[in-house]
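Residue-level structure breakdown
Listed below, chain by chain, are the residues.
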Amino acid sequence: MSEYSDGVAEYVARGEAMAAAVAARRALMKTKKFDTIAVHGVYDMQAAAANQGSIIEPGYLSSAEHFENSDHMEAALAYLMPAWVYSRIANPTVHYLEETLALLEGYGFDGDVSAVATSSGMAAVFMATNPFLEKPEQGTNIVASARCYGGTFMLFGERYGAERGIDIRWVRDPLDLNEWAEKIDGETRLVYGETPSNPSLSIMDIEAVANIAHAAGLPLIVDSTVATPALTRPLNLGADIVVHSTTKSMTSSGFAIGGAVVARHGITTDIGPEEMRDNFAMYVKLLPFRDHGPGISPFNALMTINDLRTLRHRMDFVSTSSMKVAQYLESHDMVDRVAYPGLESMPGHEVANRSMWLVDGVDDYGTEVNRYGHLLSFEVKGGATAARQVFDEFEMIWRATDLGRIKSVATIPAISTHQQQGDEGRDLASVPPNLIRLNVGGEHPDDVIADLDRALAVLSKRSVVLPAAGRTTHR
Ligand SMILES: *Cc1c(COP(=O)(O)O)cnc(C)c1O
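Only a predicted model underlies this, so the values are computations on that prediction, with no experimental measurement involved.

Moving on to the overall build of the protein chain. Scanning the protein chain from terminus to terminus reveals 18 helices and 12 strands. Relative to the 2.2 N^0.38 estimate, which gives 23 Å for 475 residues, the radius of gyration of the protein chain is 23 Å and therefore close to what a compact globule would have. Considering the protein chain as a whole, with its 475 residues, one finds that 57% of them fall into the buried category. When contacts within the protein chain are restricted to residue pairs at least 6 apart in sequence, long-range pairs at least 24 apart make up 72% of them. When the accessible surface of the protein chain is summed, it comes to about 19,900 Å², and 52% of that surface belongs to carbon and sulfur atoms. Counting 40 positive and 61 negative side-chain charges, the protein chain places the centres of these two groups 6 Å from one another.

The biggest cluster of nonpolar side chains holds 79 residues, and the ones touching the most others in it are Leu329, Phe378, Leu438 and Leu452. Of the domains in this structure, domain 1 (89-308) and domain 2 (311-474) are the two that each give at least three residues to this core. Within the second largest apolar cluster, 34 residues are counted, among which are Ala124, Val125, Ile166 and Phe280.

Of all 7 residues in strand E4 (residues 188-194), 7 are buried, a share of seventy percent or more. Where strand E2 (residues 141-145) and E4 come together, 4 bridges link them in parallel fashion. Its bridge partner being in E4, Val143 is matched across the sheet by Val191. Sheet analysis places E4 next to strand E5 (residues 220-223), joined by 4 bridges and oriented parallel. From the neighbouring strand, Tyr192 faces E5, where its bridge partner is Ile221. With respect to chirality, the unit in which E4 leads through helix H9 (residues 206-215) into the neighbouring parallel E5 is right-handed.

A few words now on the pattern of salt bridges. Applying the stated rule across the entire model yields 19 salt bridges. For Arg354, the salt bridge is made with Asp205, and the minimal N-O distance between the two is 3.4 Å. With Arg354 in helix H15 (residues 349-355) and Asp205 in the loop between E4 and H9, this residue pair connects regions lying 149 residues apart in the sequence. Exposure remark for Asp205: the relative accessible area of 14% places this residue in the buried category. Here the residues in one salt-bridge network are Asp167, Arg169 and Asp185, joined through shared partners.

Remark: helix H5 (residues 92-105) packs on helix H13 (residues 298-308), axes separated minimally by 8 Å, with the N-to-C direction vectors making an angle of 40°. With respect to H13, the element H5 is oriented oblique. The element H5 and its partner H13 pack so that their crossing is left-handed. Of the residues in H13, those in contact with Thr93, Val94, Tyr96, Leu97, Thr100, Leu101 and Leu104 of H5 are Pro298, Ala301, Leu302, Thr304, Ile305 and Leu308. For the contact of H5 with H13, the residue count by class is 10 nonpolar, 3 polar and no charged.

As a further point, take the side chain of Ser245. Checked against the element boundaries, Ser245 lands in strand E6 (residues 241-245). Not counting residues within four places of it along the chain, the set of residues in contact with Ser245 comprises Gly121, Thr225, Met250, Gly258 and Gly259.

Taken together, 13 residues lie around the ligand, and Gly121, Asp223, Ser245, Thr247 and Lys248 are the ones closest in. A distance of 2.9 Å separates an oxygen atom of the ligand from a polar backbone atom of Met122. A distance of 2.8 Å separates an oxygen atom of the ligand from a polar side-chain atom of Lys248. Look at the ligand: alone it shows 380 Å² of surface, and the protein chains cover 93% of it. When its residues are assigned to classes, the shell around the ligand shows 3 nonpolar, 7 polar and 3 charged.

With that out of the way, let us pick up H9. Considered for burial, the residues of H9 that qualify are Ile206, Ala208, Val209, Ala210, Ile212 and Ala213. Taken together, the buried residues of H9 touch helix H8 (177-183), E4 and E5.

This next bit is on the domain arrangement of the protein chain. Its domain assignment divides the protein chain into domain 1 (89-308) and domain 2 (311-474). The gap between the C-alpha centroids of domain 1 and domain 2 is 26 Å. Listed by partner, the interface residues are 39 residues for domain 1 and 44 residues for domain 2. Contact between domain 1 and domain 2 buries roughly 3,300 Å² in total, counting both sides, with carbon and sulfur atoms accounting for 63%. Inspection of the region where domain 1 meets domain 2 yields 2 salt bridges. Where Asp427 meets Arg172, a salt bridge forms, and the shortest distance between an N and an O atom there is 3.4 Å. Our count for the domain 1 to domain 2 interface comes out at 21 residue pairs in polar contact (both at pLDDT 80 or more). Of all the secondary-structure elements, those providing two or more residues to the side of domain 1 that touches domain 2 are helix H7 (150-163) and H13. Top element by residues in the side of domain 1 that touches domain 2 is H7. It accounts for 3 residues. When the residues that make up the side of domain 1 that touches domain 2 are grouped by side-chain class, the tally is 21 nonpolar, 12 polar and 6 charged.

Conventions adopted
- Residues numbered from 1 in each chain as written.
- Predicted model: local features only at pLDDT ≥ 70, side-chain atom pairs only at ≥ 80, totals over all residues.
- Heavy atoms only, no water.
- Helix = DSSP H or I, 4+ residues; strand = E, 2+ residues; numbered from the N terminus.
- Rg over C-alpha atoms; globule rule 2.2 N^0.38 Å.
- Buried < 20%, exposed > 50% of the residue type's maximum accessible area, 1.4 Å probe, protein only.
- Contact = heavy atoms within 4.5 Å.
- Areas by Shrake-Rupley, 256 points an atom, 1.4 Å probe, with all protein chains shown as cover.
- Lys, Arg positive; Asp, Glu negative; His and termini not counted.
- Charge placed at Lys NZ, Arg CZ, Asp CG, Glu CD.
- Core = buried A, V, L, I, M, F, W, Y, C linked by side-chain atoms within 4.5 Å.
- Domains from an automatic or database assignment.
- Pairing = 2+ DSSP bridges.
- Right-handed = clockwise from strand over helix to strand, strands pointing away.
- Salt bridge = Lys/Arg side-chain N within 4 Å of Asp/Glu carboxyl O.
- Axes fitted to C-alpha atoms, helices over the stretch in contact; angles between N-to-C directions.
- Parallel < 35°, antiparallel > 145°, perpendicular 65-115°, else oblique.
- Left-handed = near helix turned anticlockwise from the far one by under 90°.
- Nonpolar A, V, L, I, M, F, W, Y, C, P; charged D, E, K, R; others polar.
- Near = heavy atom within 4 Å.
- Polar contact = N/O pair within 3.5 Å; in protein donor to acceptor, adjacent residues only side chain to side chain.
- Buried area = accessible area lost by both parts, 1.4 Å probe.

So this is what it looks like as structure tokens:
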């Protein structure tokens with residue numbers, strides 16, 4: 001500290017007190033239940049006192065922070081004290097969101113966890129992986145589940161693979177542990193999976209894959225968007241880094257695109273500087289993040305904070321509805337296959353049973369229950385044309401490339417989210433053309449089933465009444 005003036009040193013001391021106060025608040029909240037954390041985060045009465053007494057986290061839409069004098073500015077900009085400086089780097093509202101995300105994802109985890117909020121889920125996937133891929137050499141590779149989100153498939157395959165020459169080793173069946181082990185070698189930089197995956201709902205054994213990655217000295221990064229921390233917390237199962245599209249089930253309202261990188265301290269890797277291993281999320285936030293510029297807007301952070309408060313209750317309700325819808329679809333004559341982690345017919349159902357639990361249980365937190373989220377997909381008998389006919393019949397279920405919503409939404413991934421990756425890529429990712437992805441919302445499940453039932457009936461009607469090429473006649 002001697003290299004700084006006395007004036008700066010005063011701010012450094014003030015900063016230490018500020019950091020200690022945040023750490024104390026964080027430690028206190030770590031002793032609370034999941035719902036309490038989701039409702040309050042680290043925003044307490046002391047924080048409110050500095051915010052005109054507001055009991056709700058204020059939205060700081062300001063682009064920048066004013067400094068008391070040049071010493072304050074120097075201390076803040078040199079990262080010698082907590083400060084938010086400029087909203088691309090940090091922001092008080094975003095800070096409240098990041099603290100809540102770290103506490104929820106780190107719920108029950110024996111160790112420190114930090115989070116950085118991003119402008120989108122894709123920005124989170126990028127920021128979680130890119131720091132491991134600096135200076136790629138001959139043979140540099142990543143091992144990743146092919147059963148992943150279309151954007152992730154393109155980021156890895158096109159941006160990292162085709163543009164930078166990184167070898168992308170796709171794991172075709174994430175349940176096959178040998179496939180993970182065989183694809184890893186001395187040039188592997190990271191291991192990446194998504195579970196349950198979008199849109200095939202493929203399951204991966206996080207614990208087992210983490211063990212394989214760690215044995216090779218590699219970090220396991222898991223996209224847990226579909227499960228949310230209300231159902232699965234990958235850090236507890238051995239993952240090093242978790243990524244989220246908070247746009248989806250984390251929020252449900254559909255008011256804000258956003259994402260998050262949440263990491264335990266002390267990740268497994270020999271890449272990068274020590275600060276990157278010690279606290280990956282903070283490293284990303286303070287360094288590469290500042291230069292790439294993928295920060296979330298404070299307004300979106302506020303929308304996200306607000307939705308997170310009810311996360312556990314929402315995931316409980318929509319999971320229960322989804323189970324009913326999945327069972328209905330499985331029993332339907334015109335449906336070939338339903339993918340939902342809660343169905344016994346689903347490959348990996350046993351693994352899902354081990355890892356997908358409603359946090360803190362139900363019945364006054366006494367009984368632990370499996371809950372499987374609200375994303376499912378089903379294959380319509382009769383191929384792509386039949387799938388489109390059913391899809392076009394929905395009257396309440398929205399046709400949109402979205403999921404996690406409080407409103408039921410469906411898409412045909414082959415012509416939307418997974419359109420860019422081509423036939424071969426879709427085959428690799430298990431996305432057939434007759435697959436409809438359905439996100440079951442907060443409506444009464446009977447009404448969702450009624451819409452599906454009426455839409456599926458079009459197939460039996462058509463085959464009798466209309467010629468094969470018949471188009472809808474009633475609109
Ligand atoms: C939507 C999604 C993403 C990307 O998130 P955006 O917020 O749309 O950028 C990443 N992973 C999964 C599993 C997703 O469903």
